Amino acid sequence: MQARRRLQALGLVLILALSSTAAPASAQADDPKQPSVDNPHMHIWGSEQLDQCWTHFDRNDSAGSSSLGYGEKDFSEGSQVEVDYTCRIQSGQTFKEDMYLDNNGTITVEMEFRIYSADCTDNSECKNLTITLYKGTTEVAMFIKAVETVNNYEDFAVNWNIPVNETMFRWNKSGEEPAIRVEYSAPTRSDLFCIIDDCSGKFRMYYSDNEDNYSVEVNFPVVNKTEPGTDGGDGGGIGGAVDDALPGFGLAAGVAALAMAAVAAGSRPRKE
């Protein structure tokens, strides 16, 4: 009888252990367009005319994006090469869960451009190539490169590393998804050589799927909130981890404790 009770209790403990390890993954981890520890790269897509730009986390889904692998705007001679647009999470792909980043990690932004304009003068209106990372509507970091260093119509790579700080640890779903804003303004060329040269201006941005194999993505150091040392002071140590554990963990632990108590009780010798 004692042996039977012991086997039943041990069987119950085993079932509970297996059920916890085989729990289904989160909806976000199962969706290739959503960020996760195994899927931390946000990719950039857009139209051929560069009038639309969007992002998501699926490298293999470029649906609707330019078949050229880039978007480009043309500007007539004597005008202003001017752009100001923002690449946001694709419509319908807002985060299903909050995104958490490693406190000691780095956000890496890789982008590629080709720009043709005149240099800036004291009499011209200019805005250097400015790339801003937003957390929802909040500015997180800014990258600036002078007009004269990017405007010669040669491909220019942006490799930007952003150390994670306390404001970047948590990105709330449905409101704080990352966005990339791109700004640039400079005059087109206007000189005597324009009689024989093409002095129209151009602004091109490459997308994640391009024939030149340029790396165009934003890499977030995504972590599970329950990993030790990544709670950002929001929950504190073991307590924070338990709060975000699998649903029913407390009940499972309680039942397991009862099962182990039954094993212990069953092992005690009965008094005659």
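The written sequence of each chain sets the order in which its residues are numbered from 1. In view of the model being predicted, local features appear only for residues whose pLDDT reaches at least 70, and side-chain atom pairs are presented and counted only at 80 or more, with totals across whole chains, interfaces and linings using the full set of residues. To obtain the side-chain values, all non-hydrogen atoms of the structure were used and water was disregarded.

Turning next to the confidence of the model for the protein chain. One confidence number per residue, pLDDT, is output by the predictor and ranges from 0 to 100. Across the protein chain, the average pLDDT comes to 82, with 72% of residues at or above 70. By definition in these notes, contact holds between two residues if any of their heavy atoms fall within 4.5 Å. Contacts from residues 16-25, a stretch scored under 50 in pLDDT, to residues over four places away or in other chains number six contacts. pLDDT under 50 marks residues 230-256. Its contacts with residues more than four places away, or in other chains, come to 24 contacts.

Right, let's get into the side chain of K135. Only DSSP runs of H or I reaching four residues or more are called helices, and only runs of E reaching two or more are called strands; each is numbered from the N terminus. Within the secondary structure layout, K135 lies in strand β7 (residues 127-135). Type-normalised accessible area, obtained with a 1.4 Å probe on protein chains alone, sets the label of each residue: buried when under 20%, exposed when over 50%, and partly exposed for intermediate values. For K135, a relative accessible area of 12% corresponds to the buried category. Only 2.7 Å separates the side chain of K135 from the backbone oxygen of T167, close enough to count as a polar contact. In this structure K135 touches V140, T167, M168, R170, W171, E176 and E177, once residues within four positions along its chain are discounted. Polar contacts, as used here, are pairs of N or O atoms within 3.5 Å; protein pairs need one atom able to donate a hydrogen and one able to accept it. Residues neighboring in sequence count only if both atoms are side-chain atoms.

It is worth spelling out a nonpolar patch on the surface at this point. Exposure above 30% relative accessible area and the lack of any salt bridge qualify a residue for a patch; like charges then connect within 9 Å, and the nonpolar side chains Val, Leu, Ile, Met, Phe, Trp and Tyr within 5 Å. Shrake-Rupley sampling with a 1.4 Å probe provides the accessible areas, and residues are treated as covered by the protein chains on show and by no other component. Salt bridges are defined as contacts in which a side-chain nitrogen from Lys or Arg sits within 4 Å of a carboxyl oxygen from Asp or Glu. Nonpolar side chains collect at one region of the surface, where F193, I195 and I196 lie side by side and expose about 410 Å² of accessible area between them. Considering the arrangement of structural elements, one finds I195 in the loop between β11 (178-187) and β12 (201-206).

Judged by how many residues are buried, β11 sits mostly within the fold: nine of ten residues are covered. Only strands that DSSP links by at least two bridges are regarded as paired with each other. As paired strands, strand β4 (residues 80-89) and β11 are joined by eight bridges and run antiparallel to one another. Looking across to β11, one finds that Y85 is bridged to V182. Sheet analysis places β7 next to β11, joined by seven bridges and oriented antiparallel. Bridge assignment links I131 to a residue of β11, and that residue is V182.

Turning our attention to the pattern of salt bridges. Inspection of the entire model under this criterion finds ten salt bridges. Ionic pairing is found between K202 and D74, a salt bridge with its closest N-O pair at 2.8 Å. Within this pair, whereas K202 is found in strand β12, its partner D74 is found in strand β3 (residues 70-75), the two being separated by 128 residues in sequence. Ionic pairing is found between D98 and R170, a salt bridge with its closest N-O pair at 2.7 Å.

Let us now look at the state of the cysteines. In what follows, a disulfide is any cysteine sulfur pair within 2.5 Å. Within the structure shown, the criterion is met by two disulfides. The disulfide that involves C53 links it to C87, with 1.8 Å between the sulfurs. Taking the torsion about the sulfur-sulfur bond, which here is approximately 95°, the covalent link between C53 and C87 counts as right-handed. Taken together, the residues span a long stretch of sequence, with C53 in strand β2 (residues 53-56) and C87 in strand β4 at a distance of 34 residues. Neither residue differs from the other here; C53 and C87 are each classed as buried. Residue pairing for C120: its cysteine sulfur links by disulfide to C126, the two sulfurs lying 1.9 Å apart. One quick way to see it: the torsion about the S-S bond of C120 and C126 is about -115°, and its sign makes the bridge left-handed. Taking relative accessible area as the criterion, C120 reaches 24% and is therefore assigned partly exposed.

Bringing the pairing of β4 into the picture now. Of the pairings in the sheet, the one linking β2 to β4 comprises two bridges and is parallel in character. Paired with W54 across the bridge in β4 is R88.

Further remarks concern the environment of D51. Mapped onto the elements of the fold, D51 is located in the loop between β1 (41-46) and β2. Sequence separation of D51 and T86 is 35 residues, and the distance between their C-alpha atoms is 9.8 Å.

We now examine the sheet that holds strand β5 (residues 99-101). One open sheet holds the three strands; their spatial order is β10-β5-β14, and the pairing between them is antiparallel. Only two strands of the sheet have a single neighbouring strand rather than two, namely β10 (170-171) and β14 (222-223). Relative to β14, β5 runs antiparallel, the two sharing two bridges. Residue pairing for β14: L101 is matched across the bridge by V222.

Centres within 6.5 Å are what make two rings of Phe, Tyr or Trp a pair, Trp counting through its six-membered ring; a difference in plane orientation under 30 degrees is then read as stacked, over 60 as edge-to-face, and the rest as tilted. For the structure on display, the rule yields ten aromatic pairs. Between F143 and W160, the aromatic rings sit 5.8 Å apart at their centres with planes inclined by 45°, giving tilted as the arrangement. Pair noted here: F143 is in strand β8 (residues 138-145) and W160 is in strand β9 (residues 156-163), with a separation of 17 residues, a long-range link. Accessibility expressed as a relative area gives 15% for F143, which makes it buried. Note on W160: relative accessible area 8%, which makes it buried. A ring pair is formed by W171 and F220, whose centres lie 5.6 Å apart and whose planes are at 75°; its orientation type is edge-to-face. In this pair, W171 is assigned in strand β10 and F220 in the loop between β13 (217-219) and β14, connecting sequence segments 49 residues apart. On the basis of relative accessible area, W171 is assigned to the buried category, the value being 0%.

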